[in-house]
Every structure is written in structure tokens, then in C-alpha cells.
Amino acid sequence: MQDLAIRFNGDGDTVFDFDRMVEGKAAEEQRFLINVATSRNTVDLYEDKGTEMMEMALSGAVSDYNTAAHAGNFAALDTLLFIGAVSDDERMNSDDYVAEASISPMEYSLGALHYTVQLTFNDGTSTSEDVTIAI
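Residues numbered from 1 in each chain as written. Predicted model: local features only at pLDDT ≥ 70, side-chain atom pairs only at ≥ 80, totals over all residues. Heavy atoms only, no water.

### What to know about the nonpolar core
We apply this condition: Note on terminology: a nonpolar core comprises buried Ala, Val, Leu, Ile, Met, Phe, Trp, Tyr and Cys residues joined through side-chain atoms within 4.5 Å. Type-normalised accessible area, obtained with a 1.4 Å probe on protein chains alone, sets the label of each residue: buried when under 20%, exposed when over 50%, and partly exposed for intermediate values. Helix and strand definitions follow DSSP, with helices as H or I runs of at least four residues and strands as E runs of at least two, each counted in order from the N terminus. Working rule for contacts: check all heavy atoms of both residues, and any pair within 4.5 Å makes them a contact.
Counting residues in hydrophobic clusters, the biggest one holds 23 residues, and the most contacted among them are Phe-32, Val-36, Met-53, Ile-103 and Tyr-115. For this core, the elements supplying multiple residues, two or more each, are α1 (25-37), α2 (53-59), α3 (65-86), β3 (98-109) and β4 (112-121). No other element matches the 6 residues that α3 contributes to this core. The residues contacting Met-53, other than those within four sequence positions of it, are Val-36, Ala-71, Gly-72, Ala-75, Leu-113, Tyr-115 and Ile-133.

### A word on the packing of aromatic side chains
The geometry of an aromatic ring pair is captured by the separation of the ring centres together with the interplanar angle, meaning the angle of the planes. This is how it is decided: Within 6.5 Å between ring centres, the rings of Phe, Tyr and Trp (the latter by its six-membered ring) count as paired, and their orientation is classed by plane angle as stacked under 30 degrees, edge-to-face over 60, tilted in between. Remark: a charge is flagged as sitting over a ring if the NZ atom of Lys or the CZ atom of Arg is within 6 Å of the ring centre and within 35 degrees of the ring normal.
Inspection of the entire model under this criterion finds 2 aromatic pairs. Ring centres 5.9 Å apart and planes at 35 degrees place the aromatic pair Phe-16 and Phe-18 in the tilted group. Taken as a pair, Phe-16 and Phe-18 share a single burial class, namely exposed. Ring centres of Tyr-46 and Phe-82 lie 5.6 Å apart, and the angle between their planes is 80 degrees; this geometry places the pair in the edge-to-face category. A residue pair is termed long-range when its members are at least 10 positions apart, and Tyr-46 in the loop between α1 and α2 and Phe-82 in helix α3 qualify at 36 residues. Overall, Tyr-46 belongs to the partly exposed group, its relative accessible area being 36%. For Phe-82, a relative accessible area of 9% translates into the label buried. The residue whose ring lies beneath Lys-25 is Phe-121, and the NZ or CZ to ring-centre distance is 5.6 Å.

Shown next, in the form of C-alpha cells:
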């Protein structure tokens, strides 16, 4: 699977990189991160796409480490379930498919959530990225 690359540069500077493609694990990681940062019920084609992370950041629902961890756990689970529901068997059985995910809080404030996202693929390898979800 090959996709157009997206540069995740943080607040207000996440853009398509039309000069680069991603594939394999990088494409699956990008697919996972896009779903985490997408607000639920904003994609007409897939009503289950996305998470409630942005709404939680905006509403001030994340007020301590426990609520930040709770938001991360649900976003990881929601994303794994959504991606599993829209993936074909060939993709799900590839070494590049995300088998496990954790989203652990680093910092939280009104309007911004900072997490470490760790993804483990079917072949047992893993990646870890620091991600900010902000308005």
C-alpha cells in the first residue's frame, strides 16, 4: 500500500508532501495517526472514523493525567477497531499492519494534548512518535 506523505509538523503546519510517498509501515503509521486526530462524525463516508480526542482537548475534559490516559486509551482502541473494520484480509495479514497501539500522555492543557504513540506491527517491530493534538 502506498499513500501520499503527510508531514506532521504540529500546530497549524501539518501538510501534504506532494514530493514524497509513504508505503509499508510508514503508510500504516500515518493512517493510524490521521484517524486519531480526525474528529468523529466528520467523514460522511465512514461515520465511525476518528476519535473524540479533539473534542476532549477543546472542551477541557482532560484535566489531569488520568483523564489524559483515558482519552488516549479510547483513541487507540477506537482507531484499531475502525482500521480493522475497513481493512481487507491481505492488508490485515501483512507484516506492516498495526497489531497493537498505545497512546500515553506526556502533557495536557486546554486545547492541546501531547502523547507518545507506540505502534506494534504484525511482525513484532514497533515505532514510537510524539504527537500533539491541538486546536
